[in-house]
Amino acid sequence: MNVQQSIAMLPTEEAAKLRGRGPVSARPYFDPDWWELERKAIFLRTWLHIGHVCEIPEPGSFIRREVEFAKASLLIVRGKDGAVRTFHNACTHRGTQLTQDTHGKRGQFSCPYHMWTYGTDGRLITAPDFDRFYVAKEDCSLKQVATEVIAGLIFINFHPAPKQTAREFFGPIADEMEGLPMARATSFTEWSYEIEANWKTNFDNFQENYHLRFIHPRTGEQIIGPENPFGYPTHYGFSGPHRSQTLWKNPSPPPVPQTMVMAYTRMAGLAAKDEGTFAKTDFKLFPCFHVVGLPPNQYTHTMMPLGPHRTRGTIRMYWTADAENASRLFTREFTAMSIRDVLSEDRHAVEAGQRGLNSGAVEKVHFQDHEMLPRHLYETVQDKVAEYLAEQPAS
Ligand code: FES
Ligand SMILES: [Fe+2]
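Below or above, wherever it landed, is the structure these notes cover. These numbers come from a predicted model, not from an experiment.

Things to note about the coordination of the iron ion (ligand 2)
And step 1. The coordination sphere of the iron ion (ligand 2), as far as protein atoms go, consists of His211 (NE2), His216 (NE2), Asp346 (OD) and Asp346 (OD), spread over 1.9 to 2.7 Å.
And step 2. In this structure, the iron ion (ligand 2) is coordinated by four donor atoms arranged in irregular fashion, with angles at the metal of 53 to 145°.
And step 3. In the primary structure, the donors to the iron ion (ligand 2) are separated according to the pattern H-x4-H-x129-D.
And step 4. Since its relative accessible area comes to 11%, His211 is described here as buried.

The structure is reproduced here in C-alpha cells:
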C-alpha cells in the first residue's frame, strides 16, 4: 500500500469509533442558550489552562488573569511555601478587587479600600479594628479556585470540588506533556487575538486539515504534497474527551525563502542543543487547549470563549534557555511570527463561517472522515451537557 492509499484508508477505522458519520445539529455553534449550557456544564467545571509556572518563579510572584465567561478576576500566586494557588481577586470584606496589576511580586495582598491584608496563602492576616466584626479571621480567607500544575502548565477548575484531578482528567497525555520541553520552560513568546466566532467554530479550524490547500496554499506547502493533496494527518487518536493527530510532512517541499531557511536551521540547531528532541505531537485537549509539538517549534494555543460568538486565542512558544544573542532572538521572533502569519490566514474563513451559522440558515453541519476531530469535540460537548442536565433536580 502506498502512502496515498494508507492515508485514504486511515479514517475508516478511527472514524468508526465515533457515533456516526451523518450531519449534526448546527445549533451548538451559534445559539446563545446552548452556550449558556456549555458555560455551566463545561467551562465552570473543567480543568482549564491559565498560565505557566515560569510566570511565577519565586515565592510571592503572582499573575492576574481575567476569565470573562466566569466574570472572574483571578490571582495565581506562588506562596511562601512554594505552592501554586489561585484566588479570586475579591476581598472577603466587601468584594473589592485587591489589585489591578497584571503581575508582580508581593509578600502580602492589602485591599485598597479598608486595608484587609492577606498572605500569599490567601489567609486574612490583619484587618483594622477587627474586634468590631463578628466573624473569625479564619473564615475570611480569599476564595480559592482548584489549581494543579502539569508539565509546567497551570490548570484551574472553577468547580468547588472537581470530580477528577487534572492528572486524572488528562490521563496518559499528562505524562506525554511532562516529556515536552515546555515542562522545563523558563520563558515564552506570546501573542493573542480576538475573533468573532464561537469557541468550537474556531477550535475546529485548528483540528482539521481539509481547508489547508484552499486557505494556506503557500504556507501549507510543507504539509501538502502530491501524495497527500489535502495534507491529511497520518494518525488520529482519542483519549477520553481529548484528541491527538500526527501530521504528515511533504517529503519534497518547495524551496522556502532564504530567511526562513536561516531561521529554521538555527532553530533546529537550538532544538538539538537546548530543547532535546520531542515527538510530532499535536494534542487537542478538552475543552479548548492545543499543544502543538512540531520540531523545531512547539506552541500552545488556548481558545477561551468570551460569549457565544466571540473567542480569545492566546498562543505561546515556550523556551528553555535565554535568547542570549541577537541571532537567537531573531530566530525566535521569526519562527513565532511565521506561525502567526499562518494562523492569521484562517481568520477570514472562520469569521465568515460564523456569520453564516449565526444567520440560522444552516440547520445541519457535515463532517467528513478527516474531520473526525471536530466531530469528536461535538460529541464530547453533547455528552457533557447531557451529563450536566441529568444532574439537575427536576423542576
Ligand atoms: S472591601 Fe476590602 S477591606 Fe473593605
Ligand atoms: Fe488553517
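Points about the nonpolar core
And step 1. By size, the foremost hydrophobic cluster in this structure holds 63 residues, and its most contacted members are Phe170 and Met177.
And step 2. In terms of residue count, helix H2 (residues 32-43) provides more of this core than any other element does, five residues in total.
And step 3. Discounting chain neighbours no more than four positions away, the residues touching Phe170 are Ile150, Phe155, Met177, His242 and Leu285.
And step 4. Grouped together as the second largest cluster of nonpolar side chains are 15 residues, Phe87, Leu98, Phe109 and Ala127 included.

Some words on the sheet that holds strand S8 (residues 117-119)
And step 1. Reading across the sheet, the three strands line up as S7-S8-S9 and stay open at both edges, with antiparallel pairing between neighbours. Pairing within the sheet leaves two strands with one partner each, and these edge strands are strand S7 (108-110) and strand S9 (124-126). Going from strand to strand, the sheet's axes swing by 35° on average, the running direction of each strand aside.

Considering the packing of aromatic side chains
The description of an aromatic ring pair uses the distance of the two centres, along with the angle that the planes make with each other.
And step 1. This structure, assessed with the given rule, holds 17 aromatic pairs.
And step 2. With centroids separated by 5.3 Å and ring planes inclined at 85°, the aromatic side chains of Trp116 and Phe133 adopt a geometry described as edge-to-face. Of this pair, Trp116 sits in the loop between S7 and S8 while Phe133 sits in the loop between S9 and strand S10 (144-150), placing them 17 residues apart in sequence.
And step 3. Judged by relative accessible area, which is 3%, Trp116 ranks as buried.
And step 4. Take Phe133: its relative accessible area is 30%, and that puts it in the partly exposed class.
And step 5. Three or more aromatic residues link up through ring pairs in this structure, and these residues are Trp35, Phe43, Phe69, Phe158 and Trp199.

Notes on the state of the cysteines
And step 1. Using the criterion set out here, one finds zero disulfides in the structure.
And step 2. Just so you know, Cys288 is unpaired, no disulfide at all, and the nearest cysteine sulfur is the one on Cys54, 19 Å from it.
And step 3. On the basis of relative accessibility, which here comes to 3%, the residue Cys288 falls in the buried class.

A short note on H2
And step 1. Of the positions making up H2, those classed as buried are Trp34, Trp35, Glu38, Arg39, Ala41, Ile42 and Phe43.
And step 2. The opening residue of H2 is Asp31, an N-cap whose side-chain oxygen sits 2.9 Å from the backbone nitrogen of Asp33.

Re unusual backbone geometry
Generally, phi is negative for residues other than glycine and the peptide bonds are trans, each holding for most cases.
And step 1. Cis geometry marks the peptide bond from Phe286 to Pro287, where omega comes out at -5°.
And step 2. By secondary structure assignment, the location of Pro287 is in the loop between strand S15 (282-285) and strand S16 (289-294).
And step 3. Not every positive phi belongs to a glycine, and Lys71 is a case in point at roughly 55°.
And step 4. For Lys71, the position within the fold is in the loop between strand S3 (61-67) and strand S4 (72-78).
And step 5. Phi at Asp129 takes a positive value of approximately 55°, unusual for a residue other than glycine.
And step 6. Looking at the element boundaries, Asp129 is found in the loop between S9 and S10.
And step 7. Overall, Asp129 belongs to the exposed group, its relative accessible area being 52%.

Describing empty space enclosed by the protein
And step 1. Counted by the stated rule, this structure contains three cavities of 30 Å³ or more.
And step 2. Computed from the structure, the second largest cavity encloses a volume of approximately 40 Å³.
And step 3. Trp47, Leu48, His49, Phe155, Phe170, Phe286, Pro287, Cys288 and Phe289 together form the lining of the second largest cavity.
And step 4. Split into classes, the residues belonging to the lining of the second largest cavity amount to eight nonpolar, one polar and no charged.

Things to note about the pairing of strand S11 (residues 153-157)
And step 1. With five of five residues buried, S11 is to be regarded as a mostly interior element.
And step 2. Burial along S11 is two-sided: the residues Leu153, Phe155 and Asn157 and Ile154 and Ile156 are all buried.
And step 3. Here strand S2 (residues 48-52) pairs with S11 via four bridges, running antiparallel. The partner of Gly51 across the bridge, within S11, is Ile154.
And step 4. As defined by bridge partners, S10 adjoins S11 across five bridges and the pair is classed as antiparallel. Along S11, the bridge assignment pairs Val149 with Ile154.
And step 5. What sits between S10 and S11 in their antiparallel hairpin is a turn of two residues, with Ala151 showing a positive phi close to 55°.

Cut-offs used in this document
- Residues numbered from 1 in each chain as written.
- Chains lettered and ligands numbered in written order.
- Predicted model: local features only at pLDDT ≥ 70, side-chain atom pairs only at ≥ 80, totals over all residues.
- Heavy atoms only, no water.
- Donors = N, O, S within 2.8 Å, 3.2 Å for Na, K, Ca; no water.
- Tetrahedral: all angles 85-135°; square planar, octahedral: opposite > 155°, others 65-115°.
- Buried < 20%, exposed > 50% of the residue type's maximum accessible area, 1.4 Å probe, protein only.
- Core = buried A, V, L, I, M, F, W, Y, C linked by side-chain atoms within 4.5 Å.
- Helix = DSSP H or I, 4+ residues; strand = E, 2+ residues; numbered from the N terminus.
- Contact = heavy atoms within 4.5 Å.
- Pairing = 2+ DSSP bridges.
- Axes fitted to C-alpha atoms, helices over the stretch in contact; angles between N-to-C directions.
- Phe/Tyr/Trp six-rings, centres within 6.5 Å; stacked < 30°, edge-to-face > 60°.
- Disulfide = S-S within 2.5 Å.
- Polar contact = N/O pair within 3.5 Å; in protein donor to acceptor, adjacent residues only side chain to side chain.
- 1 Å grid on protein atoms, 1.4 Å probe; cavity = no way out; pocket = protein on both sides within 12 Å on 5 of 7 lines; lining within 4 Å.
- Points joined across faces, edges and corners; volume = space filled by probe spheres on them.
- Nonpolar A, V, L, I, M, F, W, Y, C, P; charged D, E, K, R; others polar.

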